[in-house]
Structures are given as structure tokens and as C-alpha cells.
Amino acid sequence: MSHESAAHPTRRASMTRFVTRDHRYVFLGTSALALCGLWLANTPHPGMSFLAASYVVESILYYLLLAWVAVSLVALVNKLLRWRGDAYRASSPFCRPRALRAERYASYVIWLIVLLFAVDRVVMGGISLVSWAAAQTTNPTDFFGSMAYMLCNMWPTFVQGVANTVIIALVGTVVAFFLALALVFLRLQLPDRSDNDFVRLLKIVGAGFAKVYSQVVRGTPMMIQGLIIYYAGTGVLAGRGLSASQILVVWSPFVAALVTVSLNSTAYMMEVLRAGIGAVDAGQTEAARSLGLSQWQAMRRVVFPQGIKNAIPALSNELVINIKDSSVLMAIGVLELTFATRTIAGVYYKQMEVYVAAAVVYLILTLAASWLLGKFGRRFDVQGNQVVLGTSDTPAAMPAKGEAR
Amino acid sequence: MMRNTTARQDASPVVRVAGLRKSFGSHEVLRDIDFEVMPGEVVTVIGASGSGKSTLLRCINLLETPDAGHIWFHGQDLAAEHVDVNRLRENIGMCFQAFNLFNNMDVLGNCTLAPVTLRKASKAEAERMALEHLGEVGLADFVHAMPSTLSGGQKQRVAIARALCMNPDLMLFDEPTSALDPEIVGEVLEVMRRLAADGMTMVVVTHEMSFAKNVSDRVVFMDQGVIVEEGAPQKMFSSPTQPRTREFLARYLKD
């Protein structure tokens, strides 16, 4: 047992092994699953249940689950009776090769049955609820019915809100990343011996600007920044003689929101990048400079790639933060998810149902974002072609360049 | 191994240092250094830690900015305002104690970055040259290995090949073997020995007394920011004139 887990050091690998290979799983894991199936089967049929059509089929499935739990119990008793040493494995009728195979196939069948019950009760139940709620003329009184009713009737607003939140967060994060790269480059400038006075002045001013920008933006709330940016824009355009409707075309709350999130996130990303770049050993720059590369070339080719790689986890976090924090921009009237939800709540004068729905959507968005970014970030961990460490001059393994590992 | 350097005495020095001073804060690291390296000469700089050896080396390619004094590289005064340090460094190769290979590139990328970026060499041309130099240091098979997968000795040899790819007039070695375990030191020293035999001008800061004794043309002993004594290795190791030199060498040659 212990040597098995030692051979599979990662938790994920040992979990997979438990499910796909281990005999203990067949009874332990699947009987727990079967109990869930039995519980689902005991819940009432929803309107669109397909199993409700045939009582006989449903009963057979039900008793198959019950039988499996019973068999598992017998196996458990059998195991308890032969607890010591290898007795169970050696002499139990459950452990004969053919029995082992049959039990494993049976466990797949149990999986299938439980899945069937889950679809019938949960998925079809959800669909029935929505179609029922959509057909109502007044707001239902039960929680999920009311939620479905309000979202069905105002789905364009809700979907628009979700889309705008995603767009604002995505575009804002991407734009902020490039702005932050530029700013962090300014921030890290040091006057070099080969610079003339003008370049020196530019570098000092640039570094100072980046520093002040970061302080100001990180020291004020994004809601205030959004309000200032939005009203500054409309003020300037109104001063040039544009009418309110013309202004809305050029400088809508949506555009202002994009600008606000971009500029705000830039400051935070800059600090994250600065930390990542600071973690790159100074020897890397020295080596690059000693070969004759300029400060800019050393940064671009050697330090930045390593610094950005260091910063990837924290940078990804910025997208998650932007998904959530874009909600404060409802202050300037951009129809993002929070504003859309509040609109719907206002129409029906019912709050809990839609806000819970919004929270769930936010959670799904942030989970999806961090999952995707995690996958993306892991690609940077590929260390090229690994050569087995050794002092010998003969490489132990030398796969061709670019070969996936 | 000893080469006849007298024939080159009339040539002009590759590097000439005069009155060099450098301090970090209130701590004076270099005090009035005068120093010369002739073409093809191999100079080892020895001395206790903190004696200013590395700082002297780093001043030569301006990784440290001197406070006072002059450094001439091929007759060009590096203390002048607005010297093109980047152009200067293209001709001075340097190897560090910590190797400092670029971790985001494989061995070939390390060797071709500077030639492609600065010499406008074509990628194919730079790779051909890199392979040649990697072959010289015995690592031709490792072109696509990442630095993290190499041993210390291999890393330092890649670092030497990387510097050679720029065809430098002068190579600076800053304690190239100090981070290596004794078994691996030999493979790096062997590469340096061959480089010296090929006539490369080298300044080597080292604690490897055997290298100083057998390979170098001249040994410079530094202590507390000044050059105490310099001369041919035989003379330095057999009959040093200064008591401080004797004391230092006695401690080293004991074991």
C-alpha cells in the first residue's frame, strides 16, 4: 500500500489510480455513489422527467442500485472477517480474477445509472422549472421559480451585463498588461554612462512618472477614478459643443469603463511585474551587459522574459480581480453584471433571487478565468529539452528541439 | 606552456590602468592601481577575499564606474565622458563566478544572442560560430539543453563559449572556478589553459594557485586595494619580495 503511493507521488495521480485500478474503490467509491443515486431516485419527478414515463424501468434501475449497496455490504463483512494480512486478497471469493473483472464492469454500470438519475432529476428538473417559470404571468413566490421567472423575462439585460463584464475585464487586463510593461520599463530606467544629458533627463522623468502614477492610482478607489474619467471625458466633449446624444456615441459609459479598468489595473500590474523582475538575479543583467547589450536589449531579451514568467500567477490574479471589481463601475452607469442585476431587481422589486444569481455567475466567471490562466501559466514551466544532470559530456537524453514533453 | 612574451614587449598594451580608485561608500576598495596587460598575455590576479581583485576586473569593462584614474583599452580612455560602453564591452569577454547563463534560453540561444543582436550576424552564421566554440569547450552535444539542466562545470564552459562568440580581444575571468566542486574545477581550467595556449589575452582573478603558477605569464598579488607585488610566476611563487605576499602564499601553498 505504502509503496504504491510512493510510486505515485502526486495526489492527482494516486486518486486516478484509486479510481481506475484499485479494487477497494469498486465497492467503497461506487457504493457511496449508489447511495447518492438512491437519494435522487427518492425525490419527486420533475415535469419533464423521462424516467416518469416507465415505472418498470425506473424500478429496475432503483433495485440495481440497492442490490449493489447490498453486495458492497457483504464484501465489507467479508473483508472484516479476513482482515489480517493478505487473507482477503488471497482467499475471498470477491478477489478471484473473474470476480474482480465482473465487479469492475458492474461499477461502470452503477456509474451510468446514477448519471441517468442525476440527469432525470437535476438537469430535467432545472429545465422544467425554467419553462414553467417562463410561462407564468406573475412572479412566482418560491425562490428558484422567482429567480427563473425574472431572468427569463429580462434575459437580454442579464446576458448583456455578463458580456459587458467579461469584455471590460478581459480588454482591461490585456491593455493594462502592455501599459504596465511600458511603465515598469520606465520605472526601472537608470541613467547609463553612455547616455547624453537629454536621454538622462528623459529616464529620470520617466521613472518619476511611473512611480507617481502607481502611487496615485493605487491610493484612490476605482469608483472615484471611473467617475472622474467619465465626467472629465463628457465635460471636454461638451466643451467642444457636442450634444448629449453625440457624446454618448464617442464617450459612452462603456468606453469610460474600459479606460478606467485599463488604467487602474496598469498600476497594480506594474507593481506585480516590478516584483517579478526584481526577483531575476542581477547577474543576468550583468552577463548581458558584459556582452555589449544595451540596457534596453538586456531587459527585453533576458530580464523581462524571466520576470514576466515569475509574475504570471499574480498577473492572472489581476483578471480575476477585474472581473469582480468592474462591478463598482455601475456608478458611471455602464451595464455590467451588477448594474444589470440591480436593474432587474428594481423592475420586480425582488432582490435576493437575482443577486444570488449574479453571485453564482461571478463565481463561475472567476473560477473559469483562474482555471484557464492556470493552464496557460503552466505552459511557461516547460523547461525546454531536459538533459539529465550529470558531469559527463555525453547527454543522457537529447530529444529534438521543440519536441513536446 | 610558458610562451615567449618578450617579443611582444614593444607592442602597445591591450589594457593600461593608471591611478585607478574606487570606493563603495566610505570603504575604499581600490587605491591607486597601476596595471598593464600586453597582447597575448595571461595575467592572474591573486589575493585574499576583499582585496579588490574582482572590482579591478569589473572596472576594466566598466561594470563598476571608477571614481578616479584612467583606463585605456587599445588606447581609448574609458574615463572620458560618454564612452560607448556597449561597443567597448563587445570586445571584452567576461566570465562570472556564478556563470550567469541566461535562464530563459537554451545553450545555443545563450551563445547567439549577442552576435545576432549586436554584430548583425545572420542566425545561421551565429549558430555555426556558436557550434564551433561549443565544440572547443566540449559541449557541442548540448546545444538545445537549458542552463538549469547543466552541471556547474558545463555552465561555466558554456559561459566561456558565449563570450568567445563575440571574438573578444580580451577575456576577463572573475573567479571562474570558485563555485565549482574540486572534481569539476579541472574541466574549466583545461578549457582556459587551451584558450591561453591559443594566444588569448586574459586577466584571471582566481584562487587556483596551480593555474597561476603553470599557465599565467604574470602574477599580480593584491591586498587591501593596492597591488603589492607582481612578476613572473616562478619568481612570485619561489621568492616573493614582500612579506605580505609570502604570508599569503605560505597559507595557500601549505595545502
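Source: prediction; values computed, not measured. (Residues numbered from 1 in each chain as written. Chains lettered and ligands numbered in written order. Predicted model: local features only at pLDDT ≥ 70, side-chain atom pairs only at ≥ 80, totals over all residues. Heavy atoms only, no water.)

Quick look at the overall build of chain B
At step 1: Looking only at helices and strands, chain B has nine helices and 10 strands in total.
At step 2: Computed over its C-alpha atoms, the radius of gyration of chain B comes to 18 Å, within 12% of the 18 Å expected for a compact globule of 255 residues.
At step 3: The buried share of chain B, taken over its 255 residues, is 56%.
At step 4: Look at the contacts in chain B between residues 6 or more apart in sequence, and 68% of them connect residues 24 or more apart.
At step 5: Averaging the positions of the 26 positive and the 33 negative side-chain charges in chain B gives two centres separated by 2 Å. (Helix = DSSP H or I, 4+ residues; strand = E, 2+ residues; numbered from the N terminus. Rg over C-alpha atoms; globule rule 2.2 N^0.38 Å. Buried < 20%, exposed > 50% of the residue type's maximum accessible area, 1.4 Å probe, protein only. Contact = heavy atoms within 4.5 Å. Lys, Arg positive; Asp, Glu negative; His and termini not counted. Charge placed at Lys NZ, Arg CZ, Asp CG, Glu CD.)

A look at the state of the cysteines
At step 1: Counted under the stated rule, the structure contains zero disulfides over all chains.
At step 2: You can see cysteine 95 of chain B has no disulfide; the closest cysteine sulfur is in cysteine 111 of chain B, sitting 11 Å from it. (Disulfide = S-S within 2.5 Å.)

A look at the packing of helix H8 (residues 155-187) of chain A against helix H9 (residues 197-218) of chain A
Residues and elements named next belong to chain A.
At step 1: Two elements in contact, H8 and H9, have axes whose closest approach is 7 Å; the angle formed by their N-to-C orientations is 125°. Put simply, H8 runs oblique to H9. Seen from above, H8 lies across H9 with left-handed handedness. Along its contact with H8, which presents Leu183, Leu186 and Arg187, the element H9 presents Gly206, Ala207, Phe209, Ala210, Lys211 and Tyr213.
At step 2: By residue class, the composition of the contact of H8 with H9 is six nonpolar, one polar and two charged. (Axes fitted to C-alpha atoms, helices over the stretch in contact; angles between N-to-C directions. Parallel < 35°, antiparallel > 145°, perpendicular 65-115°, else oblique. Left-handed = near helix turned anticlockwise from the far one by under 90°. Nonpolar A, V, L, I, M, F, W, Y, C, P; charged D, E, K, R; others polar.)

Describing the sheet that holds strand S5 (residues 76-77) of chain B
Residues and elements named next belong to chain B.
At step 1: Strand order across the open sheet formed by four strands is S2-S1-S4-S5, with antiparallel pairing between neighbours. Of all the strands in the sheet, just strand S2 (27-37) and S5 have a single pairing partner and so form its edges.
At step 2: As judged from the seven bridges shared by strand S1 (residues 15-24) and S2, these two strands associate in the antiparallel manner. Looking at the pairing, lysine 22 lines up with leucine 30 of S2.
At step 3: Across the sheet, helix H1 (residues 53-60) is in contact with S1, S2 and strand S4 (68-73); its angle to S2 comes to roughly 60°. (Pairing = 2+ DSSP bridges.)

So, the pairing of S1 of chain B
Residue and element names in this part refer to chain B.
At step 1: Hairpin connection between S1 and S2: a loop of two residues separates the two successive antiparallel strands, and glycine 25 in this loop has a positive phi of roughly 65°.
At step 2: As paired elements, S1 and S4 share five bridges and run antiparallel to each other. Counted as the bridge partner of alanine 18 is histidine 70 from S4.

Section: the packing of aromatic side chains
At step 1: Per the counting criterion, the structure on display carries 13 aromatic pairs over all chains.
At step 2: Both rings, one in phenylalanine 177 of chain A and one in phenylalanine 178 of chain A, keep their centres 5.3 Å apart while their planes meet at 70°; by these two values the pair is edge-to-face.
At step 3: What makes phenylalanine 178 of chain A exposed here is its relative accessible area of 53%.
At step 4: Within the aromatic cluster, the residues linked to one another by ring pairs are Phe27, Trp68 and Phe94 of chain A.
At step 5: Directly above the aromatic system of phenylalanine 102 of chain B lies the positively charged group of arginine 162 of chain B, at a separation of 4.4 Å from the ring centroid. (Phe/Tyr/Trp six-rings, centres within 6.5 Å; stacked < 30°, edge-to-face > 60°. Lys NZ or Arg CZ within 6 Å of the ring centre and 35° of its normal.)

A closer look at the packing of H8 of chain A against helix H16 (residues 352-378) of chain A
Residue and element names in this part refer to chain A.
At step 1: In contact at an axis separation of 12 Å, H8 and H16 are set at 35° when each is read in the N-to-C sense. Of the two possible hands of crossing, H8 and H16 adopt the one that is right-handed. Listed contacts from H16 to Phe158, Val162, Thr165 and Val166 of H8 are Ala357, Val361, Tyr362 and Leu365.
At step 2: Taken together, the residues of the contact of H8 with H16 sort by class into seven nonpolar, one polar and no charged.

Describing the interface of chain B and chain A
At step 1: Counting from both sides, the interface comprises 47 residues of chain B and, opposite them, 37 residues of chain A.
At step 2: In total, about 3400 Å² of surface goes out of reach between chain B and chain A, with carbon and sulfur atoms giving 54% of it.
At step 3: The largest contributions to the chain B side of the interface with chain A come from His82, His144 and Thr149 of chain B, which together make up 16% of the buried area.
At step 4: Our count for the chain B to chain A interface comes out at one salt bridge.
At step 5: Between arginine 58 of chain B and glutamate 286 of chain A there is a salt bridge whose closest N-O contact spans 2.5 Å.
At step 6: The tally of links from chain B across to chain A stands at seven residue pairs in polar contact (both at pLDDT 80 or more).
At step 7: Breaking the side of chain B that touches chain A down by element, the ones donating at least two residues are helix H2 (85-90), strand S6 (92-95), helix H3 (107-118), helix H5 (152-164) and helix H6 (182-197) of chain B. (Buried area = accessible area lost by both parts, 1.4 Å probe. Salt bridge = Lys/Arg side-chain N within 4 Å of Asp/Glu carboxyl O. Polar contact = N/O pair within 3.5 Å; in protein donor to acceptor, adjacent residues only side chain to side chain.)

Side note on unusual backbone geometry
At step 1: In this structure, tyrosine 349 of chain A takes a positive phi of about 55° despite not being glycine.
At step 2: The phi torsion at asparagine 167 of chain B lies on the positive side, around 50°, for a residue other than glycine.
At step 3: With respect to the element layout, asparagine 167 of chain B can be found in the loop between H5 and strand S7 (170-174).

Considerations on the domain arrangement of chain A
At step 1: Under the domain assignment used here, chain A contains domain 1 (3-135) and domain 2 (155-404).
At step 2: Here the C-alpha centroids of domain 1 of chain A and domain 2 of chain A sit 46 Å apart. (Domains from an automatic or database assignment.)

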